[in-house]
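Residue strings, one per chain:
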Amino acid sequence: MPPGSKKVFVKTYGCQMNVYDSERMGDALRPLGYAPADGPEGADLVILNTCHIRERAADKMYSVLGRLREMKAERAGTDRPMRIAVAGCVAQAEGAEIARREAAVDLVVGPQSYHRLPELLARSRAGDSAVIDTDFPVTSKFDSLPARTAKGQGPAAFLTVQEGCDKFCTFCVVPYTRGSEASRPVARIIEELEQLSARGVREVTLLGQNVNAYHGEGPDGAAWSLARLIARLSDVPGIARIRYMTSHPRDMRDDLIEQHADNQKLMPFLHLPFQSGSDRVLAAMNRKHTAAEYLALIERVRKARPEIALSTDIIVGFPGETEAEFEATMELVREVGYAQAYSFKYSPRPGTPAASRPDQISDEIMTARLARLQALLTAQQTQFNRSCIGQTLPVLFEKPGKKPGQAIGRSPYLQAVHVDAAAHLIGQIAPVAVSSATMSSLGGVIVSR
Ligand code: SAM
Ligand code: SF4
């Protein structure tokens, strides 16, 4: 099939792992002639790559599916019929129910089986009813996906090195939708990073639900830690920057902290969720660490890399959370000082232990707590960004900005940086003298070298 003869539009919801998976779905479909479409209108195949981490994801998906159904109906009988697939964690959690509720869906495919998309599409064309594949296959999808050679995706890329989770935090669906923890072998990761480097990637973010629990098989047959993997990946020619996400405090080992001290390619940024500042809530969440242990960890990380920027995830209104326990969360935020953070109202996920607790917190209380927390986090983020004014930071330019000639890049601390007269630098790292800052980005000028 000639390339570009058909178009696929993948709409991504949720986390970076879904962004990675969406790109890989594109890779899996390329041999069938599919090229990316900018929207559903021009697409022969529309894939919704869904997220199930918080409520309303499924509701949102069904409303989008309703609109797609109308589009599909308009194109029925023409020479460009539309097919609709649902992928990701809602597909995994709801399975055949999706096709029962929305007859326009042709295909439901879970996060561990999307490498089979070509075969599933063929089956869907041949039959009348929707094709459902939410297996956790024995062979990893990674072994059957084509190389990552697609051009034009920018100089920063995600690379999944670990998937699934065995930690079973009582609020979380990930262990059910992504399956148990598995690490990819070191050799496969090196191979994928070399492919990325060959297509112009300079910065890679290693992804995993618990990426610092990585323990993939090394070329020597031993289980390698994330620190060892990062050290090895730093030798891949062309790769200038490495990041990793998301880490669990329990898996933050000494060798990884040492990498932050010793490896200049490892960016001074750490996303380390703490969820709650209250030890009682942390125990009820099954997080297996206390607030004091988290703070001690932060101290060690800061000792290793004093300028490191910290980020976190926080949940407010976990069942039974008292005002004093919420205050403990605020206190922990004040004590650490974050460069950025994600904060959420607790959302009961069907099938998780916390969802059936009788002491659910009202939405009104959660909303009020979240507003207070976010005001504090916004102030901290703004303060952190302002502290960069006057510094010269190396910026990797990723894409054009809104204004002509403007380019947008990332600082080592993951801040977005807008620079005029920098469009020719896309794909390169250049020093920027930072002259302005807002809550969400920096501005500055290129320092001539
Ligand atoms: N593995 C990471 C960890 O342990 O910190 C987090 C991965 S999870 C996909 C991303 C974030 O979503 C979590 O850190 C948590 O803050 C949030 N989250 C997960 N389940 C949630 C729920 N039921 N309600 C609200 N937020 C939730
Ligand atoms: Fe979910 Fe992270 Fe807990 Fe695993 S460790 S269950 S992914 S929150």
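This text goes with the structure placed above it.
Note on numbering: residues in each chain are counted from 1, in written sequence order. All chains are assigned letters beginning at A, and all ligands numbers beginning at 1, according to the order in which they are written. Where local features are concerned, this predicted model is filtered to residues with pLDDT of at least 70; where side-chain atom pairs are given and counted, the filter is 80 or more; whole-chain, interface and lining totals use all residues. Computation of side-chain values covers all heavy atoms of the structure but excludes hydrogens and water.

### Brief notes about the site of ligand 2
Summary of the distance rule: residues count as near a molecule or strand when at least one heavy atom falls within 4 Å of that molecule or strand. Every residue near ligand 2 is listed here: Cys165, Lys167, Phe168, Cys169, Phe171, Cys172, Val174, Pro175, Asn210, His248 and Arg287. Cavities and pockets were defined on a 1 Å grid built from protein atoms only: a cavity is a group of points that admits a 1.4 Å probe but offers it no way out, a pocket is an open group of points flanked by protein on both sides within 12 Å along at least five of seven lines, and a lining residue is one with an atom within 4 Å of any such point. Molecules are considered to sit inside a cavity or pocket once more than half of their atoms lie within 2 Å of its grid points. According to the grid-proximity analysis, the pocket containing ligand 2 is the second largest pocket. Taken together, the residues of the shell around ligand 2 sort by class into 7 nonpolar, 2 polar and 2 charged. Throughout this entry, Asp, Glu, Lys and Arg are counted as charged residues, while Ala, Val, Leu, Ile, Met, Phe, Trp, Tyr, Cys and Pro are counted as nonpolar. The remaining residues, Gly among them, count as polar.

### Let's talk about the sheet that holds strand β7 (residues 156–160)
The pairing of strands in a sheet comes from backbone hydrogen bonds and takes either a parallel or an antiparallel form. When DSSP locates at least two bridges between a pair of strands, those strands are taken to pair. Secondary structure is summarised from DSSP: a helix means a run of H or I of at least four residues, a strand means a run of E of at least two, and numbering begins at the N terminus for each. In spatial order, the strands read β7-β10-β11; together these 3 strands make up an open sheet with parallel pairing. Of all the strands in the sheet, just β7 and β11 (241–245) have a single pairing partner and so form its edges. Adjacent strand axes in the sheet meet at a mean angle of 25° when their direction is disregarded. Helix axes use the C-alpha atoms of the stretch in contact, all axes being lines fitted to C-alpha atoms, and the angles between their N-to-C directions lie in the range 0 to 180 degrees.

### A few points about the site of ligand 1
Surrounding ligand 1, one finds 18 residues, the nearest of these being Gln209, Gln275, Arg287, Asp313 and Ser347. Each polar contact in these results corresponds to two N or O atoms within 3.5 Å; when the atoms are within protein, one needs to be able to donate a hydrogen and the other to accept it, and residues that are neighboring in sequence are counted only if both atoms are side-chain atoms. Between an oxygen atom of ligand 1 and a side-chain N or O atom of Asp313, the distance comes to 2.6 Å. Measuring from a nitrogen atom of ligand 1, one finds a backbone N or O atom of Ser347 at 2.8 Å. For ligand 1, whose free accessible area comes to 560 Å², the fraction covered by protein is 90%. Taking a 2 Å distance to the grid points as the criterion, the majority of the atoms of ligand 1 fall inside the second largest pocket. Here the residues of the shell around ligand 1 sort into 7 nonpolar, 6 polar and 5 charged. Using a 1.4 Å probe, accessible areas were evaluated by the Shrake-Rupley method; residue-level cover was limited to the displayed protein chains.

### Details of the pattern of salt bridges
A carboxyl oxygen of Asp or Glu within 4 Å of a side-chain nitrogen of Lys or Arg is what we treat as a salt bridge. Applying the stated criterion across every chain yields a total of 36 salt bridges. Arg148 is the partner of Glu192 in a salt bridge, and the nearest nitrogen-oxygen pair spans 2.9 Å. Placement of Glu192 in helix α7 (residues 186–198) and of Arg148 in the loop between β6 (131–133) and β7 is noted, with a sequence separation of 44 residues between them. For the pair Glu192 and Arg148, a shared accessibility class is recorded, and that class is buried. By sharing partners, the salt bridges in this structure join Glu23, Arg24, Asp27, Arg30, Arg148, Arg184, Glu192 and Arg199 into a single network. The cut-offs for exposure are 20% and 50% of the maximum accessible area for each residue type, with area from a 1.4 Å probe on protein chains only; residues under the lower value are buried, those over the upper are exposed, and the others partly exposed.

### Observations concerning the packing of α7 against helix α8 (residues 226–233)
Relative orientation of the contacting elements α7 and α8 amounts to 35°, with a least axis distance of 11 Å. The two elements α7 and α8 meet at a crossing, and its hand is right-handed. Residue-level contacts link Val186, Ile189, Ile190 and Leu193 of α7 to Leu229, Arg232 and Leu233 of α8. For any pair of crossing helices, the crossing counts as left-handed if the nearer helix is rotated counterclockwise from the farther one by less than a right angle, and right-handed if it is rotated clockwise. Residue contacts follow a heavy-atom distance rule, with two residues in contact if any of their heavy atoms lie within 4.5 Å.

### Looking at the nonpolar core
If you look at the biggest cluster of nonpolar residues, it comprises 49 residues, and the most contacted ones within it are Leu206, Leu226, Leu229 and Tyr244. What Leu229 contacts, discounting residues up to four positions off in sequence, is Val161, Val186, Ile189, Leu206, Tyr214 and Trp224. We define the nonpolar core as a collection of buried residues of types Ala, Val, Leu, Ile, Met, Phe, Trp, Tyr and Cys that are connected through side-chain atoms lying within 4.5 Å of one another. Ranked by size, the runner-up nonpolar core spans 42 residues in total, among them Tyr34, Leu45, Ala87 and Tyr413.

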